[in-house]
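Survey of secondary and tertiary structure
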Amino acid sequence: MMNMPSLTSLPVSFDSYIRRGWSLVAIPPMTKGPRTKDWNLKENVITNSSLIPNGFGVGLAHAYSGTMALDIDNLDDSIAYLAGHGIDLIALLNAPDAVTIDSGNGGHAKLLYAMPFGLALNSKKLINTRTDGSRYDFMDFRCANSNGTTQQCILPPSIH
């Protein structure tokens, strides 16, 4: 994989993301995702920051940007699961070239990766079951839907 910037060098303006070749989606204030119909189609992504409504945040359209995210919603479960596959999640998070997004929510983390040119993998949620029988997502690999449309992740400085 190509090296991506560290968190400290990630752009904080929407134009900086677009200059990297990333496709964006508009995210209404205080929400976690887009609200417009067909937002996940390639023809509807934003490649010009003037099209982002005032006050909106943005999400990274992974399938059209050549990226994917490893989204951690339960750090302990994710560490254990990946360790079972010989992967050290803490080492990935602390790698000097890691691109992370910190939501400020303890036990959560997000790593961004560049995908090989033209590759957009189907996203996958991993689910655990609590002792009471309820189920919860603990980690997902986010890139594309099975029909080829994109999934997204909120980018700084967007707030939800």
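Parameters at a glance
- By convention here, each chain's residues receive numbers from 1 onward along its written sequence.
- Given that this is a predicted model, residues contribute local features only at a pLDDT of at least 70 and side-chain atom pairs are listed and counted only at 80 or more, while totals for whole chains, interfaces and linings are drawn from all residues.
- Side-chain metrics in this entry use all non-hydrogen atoms of the structure; hydrogen atoms and water are not considered.
- Think of it this way: DSSP has to see at least two bridges between two strands before they count as a pair.
- Helix and strand labels come from DSSP, where a helix needs a run of H or I of at least four residues and a strand needs a run of E of at least two; each type is numbered from the N terminus.
- The pLDDT value expresses, per residue, how confident the predictor is, ranging between 0 and 100.
- Residue contacts are counted whenever heavy atoms from the two residues lie within 4.5 Å of one another.
- Within 6.5 Å between ring centres, the rings of Phe, Tyr and Trp (the latter by its six-membered ring) count as paired, and their orientation is classed by plane angle as stacked under 30 degrees, edge-to-face over 60, tilted in between.
- Three exposure classes are used, based on accessible area relative to the maximum for each residue type with a 1.4 Å probe and protein chains only: buried under 20%, partly exposed in between, and exposed over 50%.

**With respect to the pairing of strand S7 (residues 135–142)**
Pairing between strand S3 (residues 67–72) and S7: four bridges, direction antiparallel. Note that in S7 the partner of Leu70 across the bridge is Phe141. Summarising the sheet, strand S6 (residues 124–129) and S7 pair through six bridges and their orientation is antiparallel. Bridge pairing links Lys124 to Phe141 in S7.

**Let's talk about the confidence of the model for the protein**
A low pLDDT means the predicted coordinates there should not be read in detail. Of all residues in the protein, 91% have pLDDT values of 70 or greater, and the mean over the chain is 90. Scored below 50 in pLDDT, residues 1–11 makes 28 contacts in the model with residues more than four places away or belonging to other chains.

**Regarding the packing of aromatic side chains**
Counted by the stated rule, this structure contains two aromatic pairs. Ring geometry for Tyr17 and Trp22: centres 5.6 Å apart, planes at 15°, overall stacked. In terms of burial, Tyr17 and Trp22 fall into one category: buried. Taking 5.9 Å as the distance between ring centres and 65° as the angle between the ring planes, the aromatic pair formed by Tyr81 and Phe138 counts as edge-to-face. Of this pair, Tyr81 sits in helix H3 (residues 75–83) while Phe138 sits in strand S7; the two residues are 57 residues apart in sequence, bridging distant segments of the chain. Judged by its relative accessible area of 3%, Phe138 falls in the buried class.

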